[in-house]
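So you can see what is in the structure, the chains are spelled out below.
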Amino acid sequence: MEQAKPLNETRPEPQARPTVGVYLASHLRDYGMLLALVVIMALFEYLTDGTLMRPVNLTNLFLQNSYIIIMAIGMLLVIVAGHIDLSVGSVVGFIGALAAVMMVEWELPPLVVVPVCLLVGFMIGAAQGYWIAYWKIPSFIVTLAGMLVFRGLTLALLEGQSVGPFPKNFQLLSTGFVPDLFGADKPNVTAILLGVIAASAIVLLAARARSRALKFGIEDEPFSFFVAKNALLAGAIIFVAYLLATYRGLPNVLITMAVLISAYTFLTNSTTLGRRIYALGGNEKAARLSGINTERLTFLTFANMGMLAALAGLIFAARLNTATPKGGVAFELDVIAAVFIGGASMSGGVGKIIGAVVGAFIMGVMNNGMSILGIGIDWQQVIKGLVLLAAVIFDVYNKNKSR
Amino acid sequence: MQDIILEMRGITKSFPGVKALSDVSLKVRRGEIHALCGENGAGKSTLMKVLSGVYPHGSYDGDIVYEGKTVAFGGISDSEDQGIIIIHQELALVPQLSIAENIFLGNEIAHKGVIDWPQVYATTAELLLKVGLSESSSTQIGKLGVGKQQLVEIAKALSKKVKLLILDEPTAALQENDSQKLLDLLLEFKAQGIASILISHKLNEISRVADTITVIRDGMAVATLDCHAEEISEDRIIRGMVGRDMEHRYPQRTPKIGATLLEVTDWNVWHPESAERQMIRDINLKVAAGEVVGIAGLMGSGRTEFAMSLFGKSYGQNISGAVKLRGQPVDVSTVRKAVANGLAYVTEDRKELGLVLDESILRNTTLANLGSVSTRGVIDDTQERRVAEDYRKALNIRTPSVFQKVMNLSGGNQQKVVLSKWLFTEPDVLILDEPTRGIDVGAKFEIYSIINQLADEGKGVIVISSEMPELLGICDRIYVMNEGAFLGELAAAEASQEKIMSMIVTA
């Protein structure tokens, strides 16, 4: 490239690092929802006289929200790809019903039922994804149809009755806890140990990412902020692990969630597959002209969503220990709200797994806190609706400001 | 005899960084057909947008005197109220609605909001009679051909009591006999005292109907020709259209042309939606290693459609024809295969088709070739960053960092990002579609230099451009295209703007 030689060969000077305040103001969008979660938790901790953070309640909080969080992960990919999935609530109900019929009526062992249900979920997602990806039928319509179909099939499968209870070992999927390897005394040492390991891993990864970014000269996060952020995060994780340890230890679902969150964060951040989903949602035509198989990608995104919805359905059924025709009603709304509260864009291409998880926790803490306070379901809905609106307005405001 | 219906005086219109019109004056007499000629981008459409109020009063300098009064249109409805109706090249009809519904859209015959359908249909029937369209007023627009749709547009204009009709390339999409019908209609209107401004590239049509011709070039009215005072030859008009001097600077290159690299034979493509409309006819093209080949033609001549159909069947249906690379037949039926076989297409529409605007330079650069910066599907950040930095330096993309979102870059730098993306796929043949559209002069020179560099490296380059001086400046050979077919080819040495233009307009 002789003739196109740059006029200014010098690498741009790394800009002076901003102070913590300036940095935080310019990254309000990234940390805003996490801050909001902390504030909301502090608020309810105060209003409920400390009930919110009591080990029993904290355990409950995880159990109650696990299925929403698991689905929010899948929904984030769907929304980043520029689509929506309204059928997940019905799929939760349907898979719960299917599992109940297989285990309670046919008496099949959970080790058979769980993989079969996950496969069925995958196929449900694939079937919907097929019409969306290859026939270009709007996802809103396909999944609206799916929502009706699977709700109806749930009713048909259960013949309008509740079916249960489930075998003991299936219930462990949701209500089980990681056993303490170091004796049965409280606090649960395994739980604390796992908490410390998780916290160290997060800090280590953050430090590695920072050193690499520094090498490139692209890091503008002040060191004090970096230390404070990670110390707080690690502290919070160990503290929560400790609280849980004083009750019954780490719930199995928490481990499931942690694995899924890590796996999907890696997928979205570091793999070609994840990168291509963002490109597809950001500009489908450009992605296609770049040789990306946009149809297959859309298809896979929905199949993945179906599988995660099936997992959520199993966990939900295990938690209730019964499958009901109403199981999973309106879950799709909580899941979609969580993803948008977490900063995803309606038009696709923007959003983070961790954002969706934080969004789900915001919804979950509010549900839990307001229930403890005895606020009626009527006002709970009003408040949740307003929070969703506020979160999206905050997002749009920040986006406009940064232009 | 000087009964002037419209006079535009000293119209100057600027966009940020560009002067689109400078001191243009135009006089239209009542009941005349006034033709407006000029190259793409000369400023004809801008002038008409000023007249019709699309660019409201105050956003331009100069005066518009209409029917003896100075007017200040704030929007298109103001000019329509005065009887100035513009019919755009892309028709503004709703395909799902009927002829009658379309004609009275936004202007319904209604009493207190309730539409008087009998009146609507009766009036429509009268209007259709006037424009010579024998269709029922309840026929759905989508079922009519383009020619008939054009007539509906004119009927719509008549319904608004038109006094000055502006037609932007009305015959561009029409068959020969439909065009004739339309021109006859204009002559009829002329007899009734309705003035028309006709924008057209087809000089034979202009010489047939026009009373006066104004030639616009680079935002200036360079000539006004009275067709009744003297015999106006087509050459005279062409000279006016292209007459700028060739003092543009293009980087020097000594072509080192090697063996044939890409060969396309008998390429035929049909419209993606209507299978009976053939868009590309029997195109044969050759590009040699180290050669820069241009495709000249007007907008809508099918250049982009040809390029995109070649690049992984990204346009059209029923595509037939053979593609050979270095003498070997290759499969280019999907974008993936085309890229794998060494083809790259740099789109004319970088924002819509070329870039993911919300993402960084880095991510856009590697998008088409993520495989080579990853192992088993996991992206190597360091390597990806190195690639992006290399291209940033090689193409001189001006940015504080490769993590900058491409949305925030200037047009020239965005174009370089798209180029980076395709250079990173290491193609043998690059198709560059309007590579310098909407970018400033300095960046243009850099893009030309990159093109020369690529040719020197032994790649084949195909350049599609509406700017003829550009093609003449950088190409070794130029194909001239019109209505989906190649009219012929010219070696750069023997080509001139006049030759290309006359090939197109006399086709």
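Keep in mind that this is a model prediction, so the values were computed, not measured.

Moving on: the sheet that holds strand 3 (residues 33-37) of chain B. Either a parallel or an antiparallel arrangement is found when strands of a sheet pair, and the pairing is made through backbone hydrogen bonds. All names here are of chain B. Spatially, six strands are ordered 6-9-10-3-11-12 in an open sheet, and the strand pairing comes out mixed. A strand with exactly one partner marks an edge of an open sheet, and here the two such strands are strand 6 (84-87) and strand 12 (220-226). Averaged over all pairs of adjacent strands, the angle between strand axes in this sheet comes to 15 degrees, irrespective of strand direction. In terms of strand pairing, strand 3 meets strand 10 (residues 195-199) through four bridges, oriented parallel. Of the residues in strand 10, the one forming a bridge with Ala35 is Leu198.

Another aspect to go through is the interface of chain A and chain B. Facing the 33 residues of chain A at the interface are 47 residues of chain B. Summed over both sides, the interface of chain A with chain B buries roughly 3,500 Å², with 55% coming from carbon and sulfur. The partner of B:Glu352 in a salt bridge is A:Lys285, with the nearest N and O atoms 3.4 Å apart. Where chain A packs against chain B, one counts 10 residue pairs in polar contact (both at pLDDT 80 or more). Mapped by element, the contributors of at least two residues to the side of chain A that touches chain B are helix 8 (189-216), helix 10 (252-270), helix 11 (272-282) and helix 12 (284-289) of chain A. Ranked by the residues each element gives to the side of chain A that touches chain B, the list is headed by helix 11 of chain A, at six residues. Grouping the constituent residues of the side of chain A that touches chain B by class yields 14 nonpolar, 10 polar and nine charged.

All names here are of chain A. Their axes nearest at 10 Å, the elements helix 3 (residues 55-80) and helix 10 cross at an angle of 15 degrees. As far as their axial angle goes, helix 10 and helix 3 are roughly parallel. Once helix 3 is placed against helix 10, the crossing between them reads as left-handed. Along its contact with helix 3, which presents Phe62, Leu63, Ser66, Ile69, Ile70, Ile73 and Leu77, the element helix 10 presents Val253, Leu254, Met257, Leu260, Ile261, Tyr264, Leu267 and Thr268.

Residues A:Gly164 and A:Pro165 are joined by a peptide bond in cis, for which omega reads -10 degrees. Inspection of the secondary structure puts A:Pro165 in the loop between helix 6 (139-158) and helix 7 (168-175). The phi angle at B:Arg376 is positive, at roughly 45 degrees, despite the residue not being glycine. Accessibility expressed as a relative area gives 84% for B:Arg376, which makes it exposed.

Right, let's talk about the domain arrangement of chain A for a bit. Residues and elements named next belong to chain A. Looking at the assigned domains, one finds that chain A contains domain 1 (31-42 + 50-176 + 275-396) and domain 2 (177-250). A straight line from the C-alpha centre of domain 1 to that of domain 2 covers 26 Å. Each partner contributes residues to the interface: domain 1 has nine residues there, and domain 2 has 12 residues. Between domain 1 and domain 2, roughly 890 Å² of surface is buried when both sides are summed, and carbon and sulfur atoms account for 76% of that area. For the domain 1 face of the interface with domain 2, the top three residues by lost area are Tyr31, Pro55 and Thr59, together amounting to 44%. Linking domain 1 with domain 2 are zero salt bridges, by the criterion used here. Put simply, domain 1 and domain 2 have zero residue pairs in polar contact (both at pLDDT 80 or more) between them. Among the elements that make up the side of domain 1 that touches domain 2, the one with the highest residue count is helix 3 (five residues).

Attention shifts here to the pattern of salt bridges. All names here are of chain B. All told, the structure shown has 27 salt bridges over all chains when counted by the stated rule. Measuring nitrogen to oxygen at the nearest pair gives 3.2 Å for the salt bridge that ties Arg29 to Glu32. Side by side, Arg29 and Glu32 carry an identical accessibility label, which is buried. In this structure, Arg477 engages Glu489 in a salt bridge whose closest nitrogen and oxygen atoms are separated by 2.9 Å. Placement of the pair is Arg477 in strand 23 (residues 477-482) and Glu489 in strand 24 (residues 485-491), with a sequence separation of 12 residues. Residue Arg477 is classed as buried on the basis of its relative accessible area of 14%. Counted as one network, the salt bridges with shared partners bring together Asp3, Arg30, Glu67 and Lys163.

The pLDDT averaged across chain B works out to 87; a share of 96% of its residues lies at or above 70. Mean pLDDT per element in chain B: helix 8 (residues 234-242) of chain B is the minimum at 77, and strand 22 (residues 460-464) of chain B is the maximum at 95.

Taken as a whole, chain B is organised into domain 1 (1-83 + 163-245), domain 2 (91-161), domain 3 (256-342 + 427-507) and domain 4 (353-426). Summarising the inter-unit geometry, the C-alpha centres of domain 2 of chain B and domain 4 of chain B are found 50 Å apart.

Residue and element names in this part refer to chain B. Here we have six strands laid out as an open sheet, ordered 18-21-22-15-23-24, and mixed in their pairing. Only two strands of the sheet have a single neighbouring strand rather than two, namely strand 18 (343-346) and strand 24. Averaged over neighbouring strand pairs, the angle between their axes works out to 20 degrees when direction is ignored. As paired strands, strand 18 and strand 21 (residues 429-433) are joined by four bridges and run parallel to one another. Its bridge partner being in strand 21, Ala344 is matched across the sheet by Leu430.

Thresholds applied
Residues numbered from 1 in each chain as written. Chains lettered and ligands numbered in written order. Predicted model: local features only at pLDDT ≥ 70, side-chain atom pairs only at ≥ 80, totals over all residues. Heavy atoms only, no water. Pairing = 2+ DSSP bridges. Helix = DSSP H or I, 4+ residues; strand = E, 2+ residues; numbered from the N terminus. Axes fitted to C-alpha atoms, helices over the stretch in contact; angles between N-to-C directions. Contact = heavy atoms within 4.5 Å. Buried area = accessible area lost by both parts, 1.4 Å probe. Salt bridge = Lys/Arg side-chain N within 4 Å of Asp/Glu carboxyl O. Polar contact = N/O pair within 3.5 Å; in protein donor to acceptor, adjacent residues only side chain to side chain. Nonpolar A, V, L, I, M, F, W, Y, C, P; charged D, E, K, R; others polar. Parallel < 35°, antiparallel > 145°, perpendicular 65-115°, else oblique. Left-handed = near helix turned anticlockwise from the far one by under 90°. Buried < 20%, exposed > 50% of the residue type's maximum accessible area, 1.4 Å probe, protein only. Domains from an automatic or database assignment. pLDDT = per-residue confidence, 0-100.

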